[in-house]
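# Summary of the model geometry
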Amino acid sequence: MRIGELSRRTGVNAHQLRYYEAQGLLEADRSTNGYREFGEDAVLRVSQIRHLLGAGLSSEDIAYLLPCARGEVPELVGCPELLAAMRSRLHRLDEQLDRIARSRSALLDYIAAAERMGGEHYPPLDGAELEPVSA
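Below: a short report on this structure. The structure presented is a predicted model; accordingly, all values stated were derived computationally and were not measured.

Further remarks concern the overall build of the protein. For the protein, the count of helices and strands is 5 helices and 4 strands. Secondary structure of the protein in N-to-C order comes out as α-α-β-β-α-α-β-β-α. A separation of at least 24 residues holds for 43% of the contacts in the protein among residues at least 6 apart in sequence. With the model as given, the accessible surface of the protein reaches about 10,000 Å², and the carbon-plus-sulfur share is 55%.

Have a look at this one:
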């Protein structure tokens, strides 16, 4: 099937499908006129990619995990390398969550302190938006 049909069947736009191919996540043959030709298994592969992306995995992680993927959702056949990669990603997510929790706590402290000081004593910002603070 051509990329347009794969796009219709999976709900993933052609640009993303070309990106998946460039990242080594999806394979296509080329016809004599240069069009990409995907096999029927590409529909399942795209579903697997979408589920793994939804789990927060990078395309690099997914390229590593796909050979162990079985089924649409997919289930991953456990092997030491696979488990190590997923544990590493989980560790990175836990670190991000910790940073977000610390930022949230600090922001709550600032809000509480500002409320205790009585915000009505400060001039309004005249509709100006505050710039986000990066941590």
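Moving on: the packing of helix α2 (residues 14-22) against helix α3 (residues 41-54). Running from amino to carboxyl end, α2 crosses α3 at an angle of 90 degrees, the nearest separation of the two axes being 12 Å. The pairing of α2 with α3 is recorded here as roughly perpendicular in orientation. When α2 is examined against α3, the residues Gln16, Leu17 and Tyr20 are found in contact with a partner set consisting of Val46, Ile49, Arg50 and Leu53. Its residues assigned to classes, the contact of α2 with α3 shows 5 nonpolar, 1 polar and 1 charged.

Another point: the pattern of salt bridges. Counting across every chain of the model gives 5 salt bridges. Note that Glu40 and Arg9 form a salt bridge whose closest N and O atoms lie 2.4 Å from each other. Of this pair, Glu40 sits in the loop between β2 (36-37) and α3 while Arg9 sits in helix α1 (residues 3-10); the two residues are 31 residues apart in sequence, bridging distant segments of the chain. Judged by relative accessible area, which is 51%, Glu40 ranks as exposed. For Arg36, the salt bridge identified is with Glu21, shortest N-O distance 2.4 Å. Linking Arg36 in strand β2 with Glu21 in helix α2, this pair joins segments that are 15 residues apart in sequence.

Negative phi is the rule for most residues except glycine; trans is the rule for most peptide bonds. Residues Val73 and Pro74 are joined by a peptide bond in cis, for which omega reads -10 degrees. The residue Pro74 is located in the loop between β3 (69-70) and β4 (75-76) in this model.

On to helix α5 (residues 80-117), then. A rise of 1.5 Å per residue sets the reference length of α5, with its 38 residues, at 56 Å; its end C-alpha atoms lie 55 Å apart and thus fit the reference within 8%. At the exit of α5 stands Gly118, carrying a positive phi of roughly 80 degrees.

Quick notes on the rules
- Residues numbered from 1 in each chain as written.
- Predicted model: local features only at pLDDT ≥ 70, side-chain atom pairs only at ≥ 80, totals over all residues.
- Heavy atoms only, no water.
- Helix = DSSP H or I, 4+ residues; strand = E, 2+ residues; numbered from the N terminus.
- Contact = heavy atoms within 4.5 Å.
- Areas by Shrake-Rupley, 256 points an atom, 1.4 Å probe, with all protein chains shown as cover.
- Axes fitted to C-alpha atoms, helices over the stretch in contact; angles between N-to-C directions.
- Parallel < 35°, antiparallel > 145°, perpendicular 65-115°, else oblique.
- Nonpolar A, V, L, I, M, F, W, Y, C, P; charged D, E, K, R; others polar.
- Salt bridge = Lys/Arg side-chain N within 4 Å of Asp/Glu carboxyl O.
- Buried < 20%, exposed > 50% of the residue type's maximum accessible area, 1.4 Å probe, protein only.
- Expected span 1.5 Å × (residues − 1).

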